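# Overview (structure and organization)
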Amino acid sequence: GDYQKAISNLQNAESGALRIDSPRSARLLLEILPLLGECYLDVGDPEQARRAFGRVLAKQEVAFGKNSGSYGRSEAGLAIALTGLGDMKSAEPLLQHALTVIEKLPKGEQKGLCQVYYGLAKIAESRHDTAKASAFLNLALKRKAAEGKPDLESANLMVNVAQVYMVRKQYPQAKTLLEQAFAIQKSFLGDESIPGAGTMKNLAVVYFQMGKLDTAEKLFKQALDINTRLDAGASLEAAEIMACLAQLYASGKRFDEALPLAKQALDIRRKMLGGAAPKCRQGEALAADLPAAAQHK
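Residues numbered from 1 in each chain as written. Predicted model: local features only at pLDDT ≥ 70, side-chain atom pairs only at ≥ 80, totals over all residues. Heavy atoms only, no water.

### Observations regarding the overall build of the chain
The helix and strand inventory of the chain stands at 14 helices and zero strands. For the chain, the α and β elements follow one another from N to C terminus as α-α-α-α-α-α-α-α-α-α-α-α-α-α. In terms of overall dimensions, the chain has a C-alpha envelope of 65 × 45 × 40 Å along the principal axes. A total of 297 residues make up the chain; the buried ones form 47% of that total. In the chain, the share of contacts with a sequence separation of at least 24, taken over all contacts with a separation of at least 6, comes to 56%. Working note: accessible area of the chain is about 14900 Å², and carbon and sulfur atoms make up 53% of it. (Helix = DSSP H or I, 4+ residues; strand = E, 2+ residues; numbered from the N terminus. Buried < 20%, exposed > 50% of the residue type's maximum accessible area, 1.4 Å probe, protein only. Contact = heavy atoms within 4.5 Å. Areas by Shrake-Rupley, 256 points an atom, 1.4 Å probe, with all protein chains shown as cover.)

### Quick look at the environment of Q48
Relative to the helices and strands, Q48 resides in helix 3 (residues 46-64). Accessibility expressed as a relative area gives 26% for Q48, which makes it partly exposed. Along the sequence, Q48 and Q209 sit 161 residues apart, while their C-alpha atoms lie 30 Å from each other.

### Brief notes about the packing of aromatic side chains
By the definition in use, this model includes one aromatic pair. Seen from their ring centres, Y117 and F136 are 6.4 Å apart, and the 25° between their planes marks the pair as stacked. Residue Y117 is located in helix 6 (residues 113-126), and its partner F136 is located in helix 7 (residues 130-146); the two are separated by 19 residues in the primary sequence. One exposure class covers both Y117 and F136, and it is buried. (Phe/Tyr/Trp six-rings, centres within 6.5 Å; stacked < 30°, edge-to-face > 60°.)

### With respect to the side chain of K201
With respect to the secondary-structure elements, K201 resides in helix 10 (residues 194-209). Apart from the residues lying within four places of it in its own chain, the contact partners of K201 are F220, A223, E237, E240 and I241.

### As for the packing of helix 6 against helix 8 (residues 152-167)
Where helix 6 meets helix 8, the axes come as close as 11 Å, and the angle between the chain directions of the two elements is 10°. Classified by the interaxial angle, the pair formed by helix 6 and helix 8 is roughly parallel. Residue-level contacts link C114, Y118 and E125 of helix 6 to L157, N160, V161 and V164 of helix 8. By residue class, the composition of the contact of helix 6 with helix 8 is five nonpolar, one polar and one charged. (Axes fitted to C-alpha atoms, helices over the stretch in contact; angles between N-to-C directions. Parallel < 35°, antiparallel > 145°, perpendicular 65-115°, else oblique. Nonpolar A, V, L, I, M, F, W, Y, C, P; charged D, E, K, R; others polar.)

### Quick word on the environment of M272
One can find M272 in helix 13 (residues 255-273). For the pair M272 and S235, spaced 37 residues apart in sequence, the C-alpha to C-alpha distance is 8.0 Å.

### So, the nonpolar core
Formed by 91 residues in total, the largest nonpolar core has its most connected members in L36, V116, L178, F220, M242 and L290. By residue number, the principal contributor to this core is helix 12 (residues 236-251), which donates eleven residues. Beyond its immediate stretch of four places on either side in the chain, F220 contacts K201, A204, V205, I241, C244, L245 and L248. (Core = buried A, V, L, I, M, F, W, Y, C linked by side-chain atoms within 4.5 Å.)

### Here's the deal with helix 7
Relative to the 24 Å expected for 17 residues at 1.5 Å per residue, helix 7 spans 24 Å between its end C-alpha atoms, a close match to the ideal helical length. Residues of helix 7 that are buried include every one of A133, F136, L137, A140, R143 and K144, and no others. Looking straight down helix 7, one finds its buried side chains confined to an arc of 130°; they lie on one side. Along helix 7, the residues that are exposed and aim more than 90 degrees away from the buried face are A131, K142, A145 and A146. Where helix 7 is buried, its residues meet helix 6 and helix 8. (Expected span 1.5 Å × (residues − 1). Arc of directions from axis to C-beta.)

So yeah, pure geometry; function would need other evidence.
Spelled out as structure tokens, the structure:
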């Protein structure tokens, strides 16, 4: 569950493989890049995931063909990254092809099918087709449950599904899934981990939306503390937690506490995403609104 260390090691491995002028280089990249893409998805960085999967797909087509499981799984990873970037139009045909490929594989080799179902659910959700989205989400959860005992991938899927429920404002359903995911993460990673902090942040958002502000504040602070200590603080996840906590403080007219957090979150996002990113524009709006709100409280 130490995704940052995994990403660093995989980046170093990719650089090393690129320096090798032999067929072995291509074989190494076929192993490295899909793992790198998955790690970026797990830490919520769809742009870097898109780049990693984009770098490997052509290599997998040459090595294995477009109808291979390896190609289908990377295709699905690329599609999930695209949905995270809001590009549903480009993601949908990739998911449809990945679904066709992976469903034709022997049952024991259908890894990646849960991810395809989840991606198709996000497409349906973007079209406000709640019934179809729910059907795909249920397929994803059932498929993962049928694969064996819950693992970190199970937890990640539960968090993803919970986030869909959060968008729908179905907070009790989201809360149940997040609590299950958090229990799995604790069993594998201990009481403090980067993935666990992310789940804690989502739980805090749910409590915030349900009006349980004291519980939400406590969870936001715990998540931020864990993230800061384990990930050096300057991460997009830390910025997300800071922005959420700033909004909670603003809702309680605690503007003096909200503004520094909003500014710090904005600084991190600008540094890591560039000033034109949607998250930066949202952060700029929050930081601009808080001083005016403080004057009229």
